[in-house]
Each structure stands twice: as structure tokens, then as C-alpha cells.
Amino acid sequence: EMLQSTEERLSNTAEVHPPRILELLDLSAAPNHKGSFPDIDQPLFQPYPSELVFQNFSPGQTYKLPLLLLNNDKVSRQVKLEQQNSVYFSVLPSSDARSNIAPGMSATFTVFFTPHENKDYHHRLVCVTEREKFEIPIRAIGPRAILDFRDKLDLPVCPVKASTEKTQLVCNVGNSKAKFRLHTERPFSVTPEFGALDVGESMQVTVVFQPMNTGNHSQDLLLHYHTGEDVYISLHGSCEELTIHLEPDSIWMENTYVSLISTRTVSLTNHSDIPLQYCWTVCPSQQEEDLSLLSTTTKFTIIFKPEEARLYQQTIYCDVTGLFRFLKHTHTQQQKIIIHNSCLHCFKVSLFLLCRGSVICPTIHFSVSELNFGDVAFGFPVTVGCTLFNPSFVPVNFILRVLGDGLGSPSVSSFKQISDESLKDWQGHTARDLHPCPVEFTVSPAAGSVRSVSDVDIKVTLCSNTVRTYQLSLVVDVEGVGEEILTLPINARYINMLNVQTYSNKQLLKSFLSQQNESNMSYWAHLHRSLFSISLRLKIFFPLKRET
């Protein structure tokens, strides 16, 4: 709605509501005072639209909206608008306006709006009928942030006591910086709960669905902007129980001598494709360590080691994600493993498991798809920036490096070459095979840590000292995970567009280079000896293109 023009918003407005009555008048003084059909809390005329809203406007332009006043009475009535002083809003009646409006007919007006600034405006029109005065609000909405959330978010089907999630990349498509808060109720949760996005920026928002009961679940995700607007996004999720079997559901241990042991085996089978968590406890309320149950059958060994001669009975409970209750007996409320013997005492449950898992790397990503320096010139540094996002819930220690950069000494800028008298020859490594390729890229910061659900700004500077087309990569090494976890392409091209003439002294060349900077031209120059047989040390040099 906020992306629509003023006219589009009006065409999509279907609801009307009675206006706020400011004052009741004496109807007996009206020409037709035999009574009125509408109730006293309803005005004789219903305005449409109920509120006039201007949006997505530009200062200095004039915008207009029609205003209709519909006669709700059974007799002809008179109506007029009181002009309120405003340099921004004005009202004109239609050319065929009449003093008396027949029942069911409308009086038509045009409301004009001329903004001077890009900001919010508020005004009102006072409508006077034969029975009351009521107001019609006018609102002009200035720049607003707009996050492109979907109207409805459906979460994947989730087993009971497990969790599923869905992540959406949200962008600020409005024309103002967004400062916002997100909130929802169980069984849903959202991260991050707070955020800020400049125009055009984006971030990941994750909604988690963790139901404790089977069935369909719905909640609203509240998006609250710092400007006061609230937006509601519908969240829906379905929860179901899975097919899980414990066999057998009761066992009888063999008669066992004191100090000896006997064993029996039970199995827990997960018939779904979803890995589940389970734990064994002696009582239903006891919390034990959760273990993972994959789509397979896991076997457990019950060990019985009596210490005295008597009859023992023990119940062990298994709590499994995917089931609302503990595992059940056939025809009973709770699943229990009942172990009987005529001379038993001590029971232990030993779990023999084959555990499998995978490591999920932190989901870091850059704010851009590439670093494009465009056309660069020899010896003049160019800096571009980007942002490294960490939407995961753990901090990430990173190292940034440019894959394919040179291994020699750092490249030299034209300014340093000209201003440093000690530099007799260019250190830019233009001669073939005389030096290792220079280090031409500088990354800041080259290493660091980005907090969970946070980001860090990155700046990459290229000072070209070689004649080439750059097609390299900025790579991210993550501590404890691996190298080159993330790659960002780098593109640049050397150009030589300067048709230079001889300069007689160093100060004149400095002035020339300063002029090129002021005109934003990426032209470069280099000093060499013996240019056009001049004995001075100052000269212009163009690096020769290397053969490929």
C-alpha cells in the first residue's frame, strides 16, 4: 500500500466509516425541518473517502483528490465545507454544484495539495450540514521505510517438540531509513528482534516454529516501525506426530544369581526421514541428555545386576521429539519398559549408538555480488567498500585476502613517486621478470571477528602498478572451519588515456596531476630520465603492456 501513488491508494479504498461529529446544530432552523432519517450519531452526509491520504509526493508539485459527500437522508439537504487556513491544502466545489442535494446524490469537491517539503502534513476539512458539523481528516505521508515482507509466511510441517524454520531476505524498498522491531508469540520466534536498514539495504530474518502440541498453529508477526506504523505478517505452521515404535514394550529378565548379570535388548525405530531427539529417564519429569535418532532402528541393552534376592520392578520412560506424549503401551497412557525377576536389584540402561552428523558452516555473506573497480589508472589508489554479514548465532573469526594478488613489495602511488625525492626510479614493477609482482590490493580490516547476527564494513583499495585486466577474488578464511569459505569476485581494468606533454619541473607535474584529480579523470603519469633529451629528472612515463 505504501508503494502506491495517491490515486492508486484511493482506487483501492473500499471501506468507509462515519466521520467524527464536532457539533450538533438546531435542525428546526433548516428549510426542511420535519425530521431526518439517519440516527443522531450518524451524519446527514457520508464522506468518501473517509480520510484523504496523499503519499509518494514531490515538493513543488500539486496533487488533487476528489471528495464526495453522499446525502443519507430521505429529503434534500444542504451541505458546505468551511475553508481552513492552509498554504498547502485548498478545496474547490465542482462546476455543477447545487445548494440542495437530493436523497442518494452526492456533492463533489476537489481537494488540492501542494507540498513544500518532503515531510508529513496534517490538516482537516470541516463539513457543515443542517444538523451537525463533522470533520474529514487529511493526511500527507512523507518519506517512509518499507520492508518487503511477505503478507503470509508458511512454515514447513514440524514434528511435535521439534523445530523448523524459514529465512526471508528482507530489503528496504522505501525512501527512508528503517528502524524496526519484530515480535511474535509462541510457538513461533523471530531473529533478529531489532534492526536498522538504509534505503536499498537488505538483511535475513529467520522465523522458527517450535510447537509442543499437534495441529495447526497461527500467530501474527508484528513489524513496528520507529515512525509509528505497525504491519502484521501472518505466520502459519502445522505440527504432527511421527510413527515411532519401541519393541518390546515390556520385558522379563531371566532369573539371575546375586552379583551376576543378565541382559535383554530393546529397539527404538524411527520410520520418518526426520532425525529426532530422545532421552531415557527413570521418571517422566526427569531431564537427561538428549541423543539423536536418525531414520533407522537403534538398539539398547538393559543390564540387570542384582545385589540381593528379591523381586524387582522398574519403569523407564523414553521422551521423543515427534510424539506429544511419552512412548505408550498398547492400551495404556504411558509407554514403559517393565522388567521382572524373582531375585533382582540394580538396573542400568546402556546405549549402543552409531552417531552421524554434519558441520554447518556459518552462513556469512557479502552485501554485493562483486567488487567492480571499473577502469583504473596506473599509480592512483581506488577504494571500494562492502559489508560482511553474519546472520548466524555464533561469532565468526575471519581472515580476508585477495587470491591472485602479487607477492612482491607494496605498489607505489603516483603521489608518493612524485613527492619522495629518494625514489629515483619507479618501483611499480613494469619491467618484465625483473621483480616479483607487487602487492596491489589492501584490505581493511584484513582480519577480525564479526559478532553473531551482526556485520562489519570492509574496504578494499587497489593501487595498480601493472598493466593488466584484473579478474581476482576476495576470499574469506574462517577460523576453525576452513579456507576460502566465501569468495567475492574482483574486476578492474587498467586504462591509459593520457596524451601527455613534457613538463619542465616537478611542481608543474604536481599541478597537472591535481587537475586530473579535480576533474575525476583516472589518468596517471610517471617520471623517467632523459625524456626528449631534457636533463631534468622529471618526465612522463607510460608502462608498457606485458605480453600474455
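Please refer to the structure higher up on the page.
Residues numbered from 1 in each chain as written. Predicted model: local features only at pLDDT ≥ 70, side-chain atom pairs only at ≥ 80, totals over all residues. Heavy atoms only, no water.

A. Spatial organisation of the packing of aromatic side chains. For the structure shown, the criterion picks out eleven aromatic pairs. For the ring pair Phe 441 and Tyr 470, a centre distance of 6.0 Å and an interplane angle of 80 degrees mean the geometry is edge-to-face. Of this pair, Phe 441 sits in strand S32 (residues 441-444) while Tyr 470 sits in strand S35 (residues 469-478), and the two are 29 residues apart along the sequence. As far as burial versus exposure is concerned, Phe 441 and Tyr 470 are alike and both buried. Taken together, the aromatic side chains of Phe 54, Phe 57, Tyr 88, Phe 89, Phe 113 and Tyr 121 make up a single cluster linked through ring pairs. (Phe/Tyr/Trp six-rings, centres within 6.5 Å; stacked < 30°, edge-to-face > 60°. Helix = DSSP H or I, 4+ residues; strand = E, 2+ residues; numbered from the N terminus. Buried < 20%, exposed > 50% of the residue type's maximum accessible area, 1.4 Å probe, protein only.)

B. Region of interest: the pattern of salt bridges. Scanning the model with the defined rule gives 15 salt bridges in all. The salt bridge involving Glu 117 is made with Lys 119; its shortest N-O contact spans 3.9 Å. On the accessibility criterion, Glu 117 (45% relative accessible area) is partly exposed. Overall, the relative accessible area of 34% leaves Lys 119 in the partly exposed class. Its salt-bridge partner being Glu 132, residue Arg 131 comes within 3.0 Å of it at the nearest N-O pair. Three or more residues are tied together by salt bridges with common partners; here these are Arg 401, Asp 477, Glu 483 and Glu 484. (Salt bridge = Lys/Arg side-chain N within 4 Å of Asp/Glu carboxyl O.)

C. The sheet that holds strand S7 (residues 106-113), seen in detail. In spatial order, the strands read S2-S4-S7-S6; together these four strands make up an open sheet with antiparallel pairing. The open sheet has two edge strands, strand S2 (45-48) and strand S6 (89-93), and neither has a second partner. Averaged over all pairs of adjacent strands, the angle between their axes in this sheet comes to 25 degrees, without regard to strand direction. The pairing of S2 with strand S4 (residues 63-71) spans four bridges and is classified as antiparallel. Directly across from Pro 47, in S4, lies its bridge partner Leu 69. (Pairing = 2+ DSSP bridges. Axes fitted to C-alpha atoms, helices over the stretch in contact; angles between N-to-C directions.)

D. Structural context of the state of the cysteines. Following the criterion strictly, the structure yields zero disulfides and no others. Of all cysteine sulfurs in the structure, the one in Cys 239 sits closest to Cys 158, which takes part in no disulfide; the separation is 5.8 Å. (Disulfide = S-S within 2.5 Å.)

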